[in-house]
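Residue-level structural notes
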Amino acid sequence: MFLTLGTGIGGAVYLNGKMVLPKMEIGHMTININGEKCTCGRNGCFETLASMRKLKNDIKEKLKLDSEITGKEIREVLEDENTYNKVESVLDTYVRNLSEGLKNIINIFHPEIISIGGSFVHYKDILLDKLIEEINSEDSSFIKQNIPNITVATLKNEAGIIGATI
Ligand SMILES: [Zn+2]
């Protein structure tokens, strides 16, 4: 399973080296029926809660950063320990929402690997371990039996353009 986390969320499933379900709208599965309205018309879609756009907007709001700041610049701002501590609850909420979507994906597809690309890769060092920990702490026996290897795309943010991942 390849997921692109950027302004939205895209996904593709690879089976025996071939892409299947190329048109799946994985970003528009509801993970919170009380969540905010998505551009697609549903509420609480995976991408309204777990896209990198959502994370960046929440960090900008929390730290009162300039609205024009880039994702790369935000990442640099978080190098400062005090600043990082201020947004840790934002990161935890983001990871919890992201893990909800991934758990649904795990239950449906039982993937061997979930590879994540998009601008998420730039935040790997502060998000990936939290994400893996959150999924491993799940109580559902179905999830526990099928926890995949969760990794970031080795072609980094270019994976979606190149059309390949790991
Ligand atoms: Zn939607």
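For the structure itself, consult the block above.
Residues numbered from 1 in each chain as written. Predicted model: local features only at pLDDT ≥ 70, side-chain atom pairs only at ≥ 80, totals over all residues. Heavy atoms only, no water.

Looking now at the overall build of the protein. Within the protein, the regular secondary structure consists of seven helices and five strands. Along its sequence from the N terminus, the protein presents helices and strands in the succession β-β-β-α-α-α-α-β-α-α-β-α. For 166 residues, the compact-globule formula gives about 15 Å, and the C-alpha radius of gyration of the protein, at 16 Å, lands near that figure. Along the first, second and third principal axes, the C-alpha atoms of the protein reach 45 × 35 × 30 Å. Looking at the protein as a whole, 47% of its 166 residues are labelled buried. Across the protein, every contact between residues at least 6 apart in sequence was considered, and the portion connecting residues at least 24 apart equals 60%. Element-wise, carbon and sulfur atoms account for 48% of the exposed surface of the protein, whose accessible area totals about 9300 Å². (Helix = DSSP H or I, 4+ residues; strand = E, 2+ residues; numbered from the N terminus. Rg over C-alpha atoms; globule rule 2.2 N^0.38 Å. Buried < 20%, exposed > 50% of the residue type's maximum accessible area, 1.4 Å probe, protein only. Contact = heavy atoms within 4.5 Å. Areas by Shrake-Rupley, 256 points an atom, 1.4 Å probe, with all protein chains shown as cover.)

Another point: helix 4 (residues 81–109). At Val 87, helix 4 shows its largest bend, some 45°. Of the residues trailing helix 4, His 110 is marked for its positive phi of about 45°. (Bend = angle between axes of the 7 residues up to and from the residue.)

Now for the pattern of salt bridges. Summed over all chains, the structure comprises eight salt bridges. With a closest N to O distance of 3.2 Å, Asp 58 and Lys 54 form a salt bridge. Linking Asp 58 with Lys 54, this pair stays in helix 2 (residues 52–63), spanning four residues, or about one helical turn. Owing to a relative accessible area of 26%, Asp 58 belongs among the partly exposed residues under this scheme. We note a salt bridge from Lys 130 to Glu 88, for which the minimum N-O separation is 2.9 Å. On the criterion of sequence distance, the pair formed by Lys 130 in helix 5 (residues 124–136) and Glu 88 in helix 4 is long-range, its members being 42 residues apart. (Salt bridge = Lys/Arg side-chain N within 4 Å of Asp/Glu carboxyl O.)

Turning our eyes to something else, we now look at the side chain of Lys 130. With relative accessibility at 18%, the residue Lys 130 sits in the buried group. In this view, Lys 130 contacts Tyr 84, Glu 88, Leu 91, Asp 92 and Val 95; residues no more than four positions away in its chain are not counted.

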